[in-house]
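Coordinate analysis (summary)
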Amino acid sequence: MKSIKNVTVLGSGVMGHGIAQISATAGYNVKLRDIKEEFLDNAMAKIRWSLSKMVKKNKITVQEESSILSRIVPVVEINQALDNSDLIIEVVPENMDLKRKVYAELDDIAAPDTIFASNTSTLPITEIAKTTNRKDMVIGVHFFNPPQLMKLVEVIPGTGTSSSITETMENFVKTLGKTPVICRKDVPGFIINRLFIPMVHEALYTMDRQNISKEAIDSSVRFDMGFPMGIFELADFTGLDVIHKASNEMFARDKKVLRQHPTIQQLFEENRLGQKSGEGFYKYSDTKYERVELSAELAKECNPIDMISNITNNAAWLITNKVSNIAEIDKAAALGLGLKRPLFDTAAEVGIQRIIDSLDDLAKQHGPFYEPDPFLRSLVENTK
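Just so you know, these numbers come straight off a predicted model, no measurement behind them. (Residues numbered from 1 in each chain as written. Predicted model: local features only at pLDDT ≥ 70, side-chain atom pairs only at ≥ 80, totals over all residues. Heavy atoms only, no water.)

Let us look at unusual backbone geometry. In the segment running from asparagine 145 into proline 146, the intervening peptide bond is cis, with an omega of -5 degrees. Positive phi is not limited to glycine here, since asparagine 211 has a value of about 55 degrees. Among the secondary structure elements, asparagine 211 is positioned in the loop between helix H8 (192-210) and helix H9 (214-223). With phi around 60 degrees, asparagine 271 is a residue other than glycine that occupies positive phi space. Structurally, asparagine 271 can be placed in the loop between helix H12 (262-269) and helix H13 (296-299). (Helix = DSSP H or I, 4+ residues; strand = E, 2+ residues; numbered from the N terminus.)

See below:
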């Protein structure tokens with residue numbers, strides 16, 4: 001396996017400066033690159049603020065804070081940023097044309113043995129790799145926001161990624177104090193977004209069908225399904241621009257991934273992007289994050305079977321298509337979505353046959369998107 005000492009992070013936004021911070025904290029030498037000094041100044045200010053909070057909480061010492069900062073070098077000039085780099089973590093905006101341009105430039109400048117890792121949440125790693133002459137050394141490493149706190153990192157090899165690079169990245173993620181989950185095929189949405197994004201849309205359809213409030217939906221998601229917050233709360237926290245972009249990217253790659261609900265497009269067009277804009281599904285004050293009032297009593301107004309069926313069916317699809325397995329999906333869902341109990345435990349509690357019947361009924365009414373995955377039917381067969 002390749003030894004990694006020097007890391008270049010391309011992009012100094014929320015994810016970029018967070019990844020730079022945790023990499024430097026783990027002892028790596030980091031060059032944080034962006035196209036303007038002002039972007040880098042802002043990023044370094046945020047890193048200093050984050051580390052100072054850790055000092056105040058006695059998580060690190062003042063000496064450790066100074067040492068971490070000394071390992072992060074902000075850089076504008078691309079050749080300087082890539083000089084002696086063992087690993088490049090690209091965190092540029094989720095635009096395939098932009099990423100193709102970036103990787104073509106990187107391929108010309110970076111040393112032949114430099115690993116290229118993309119922090120994309122939805123774009124195909126295999127397509128990104130095609131813009132380079134090192135398809136075996138391009139891989140996805142999907143960190144979750146904020147990287148300083150979220151433990152999960154999805155590691156996504158493309159079709160041409162070598163097994164040694166996958167192993168190298170898995171070990172690198174572990175050295176950061178994170179938990180890697182391998183997405184064994186480069187599929188739309190990888191693991192977490194394959195579960196999360198379609199469920200946002202399905203929650204909207206459930207609200208329509210049952211003619212109930214979004215608070216009732218969110219209460220059911222929290223109290224019946226074991227999420228740490230409601231699905232609409234989570235969407236607002238993630239950002240409706242992010243949900244919109246991911247939905248379109250996933251749907252473009254595979255029409256069977258999700259059934260798009262027009263509300264997501266509407267919220268995006270109205271700039272109701274969630275907490276970042278002050279309003280999404282819910283309204284937020286400018287000063288602090290306010291939790292929506294949810295309750296077990298409100299949850300009784302909602303029958304969550306369609307949402308449970310949707311997320312279970314997508315998990316089953318990941319298993320059937322050898323993208324992941326039950327244990328890894330449970331680990332990813334616990335760390336990435338905060339699920340308090342495993343998906344298939346909830347499904348078993350509801351009843352797999354009941355889920356299949358629900359999906360069959362939905363398929364009759366709304367088309368083949370809802371057809372039960374063969375893995376679900378096999379679970380019933382195996383209990384007979």
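Now, onward.
With mixed pairing, eight strands are arranged side by side in an open sheet as S3-S2-S1-S4-S5-S6-S7-S8. In this open sheet, the two edge strands, each paired with only one partner strand, are strand S3 (72-75) and strand S8 (179-182). Between one strand and the next, the sheet's axes are offset by a mean angle of 25 degrees, whatever the strand orientation. Examined bridge by bridge, strand S7 (residues 152-157) and S8 share four bridges and lie parallel to one another. By the bridge assignment for S8, glutamate 154 is matched with valine 181. Packing of helix H7 (residues 163-175) onto the sheet brings it into contact with strand S1 (6-10), strand S4 (87-90), strand S5 (115-118), strand S6 (138-143), S7 and S8, and relative to S8 it is tilted by some 155 degrees. The sheet contacts of helix H15 (residues 326-336) involve S7 and S8, and relative to S8 the element is tilted by about 135 degrees. (Pairing = 2+ DSSP bridges. Axes fitted to C-alpha atoms, helices over the stretch in contact; angles between N-to-C directions. Contact = heavy atoms within 4.5 Å.)

Take the packing of aromatic side chains next. Within this structure, the stated rule accounts for five aromatic pairs. A ring pair is formed by phenylalanine 344 and phenylalanine 375, whose centres lie 5.9 Å apart and whose planes are at 85 degrees; its orientation type is edge-to-face. Of the two residues, phenylalanine 344 sits in helix H16 (residues 343-350) while phenylalanine 375 sits in helix H18 (residues 374-382), which places them 31 residues apart along the sequence. Phenylalanine 375 shares its class with phenylalanine 344; the two are buried. (Phe/Tyr/Trp six-rings, centres within 6.5 Å; stacked < 30°, edge-to-face > 60°. Buried < 20%, exposed > 50% of the residue type's maximum accessible area, 1.4 Å probe, protein only.)

So, on to H8. For H8, spanning 19 residues, the distance from its first C-alpha to its last is 26 Å, which sits close to the expected 27 Å at 1.5 Å a residue. Counting buried residues in H8 gives 16 out of 19 residues, a clear majority hidden from the surface. Within two residues after H8, asparagine 211 carries a phi angle of roughly 55 degrees, on the positive side. (Expected span 1.5 Å × (residues − 1).)

Right, let's talk about the environment of serine 67 for a bit. Relative to the helices and strands, serine 67 resides in helix H3 (residues 62-70). Separated by 40 residues in sequence, serine 67 and glycine 27 have C-alpha atoms that sit 9.0 Å apart.

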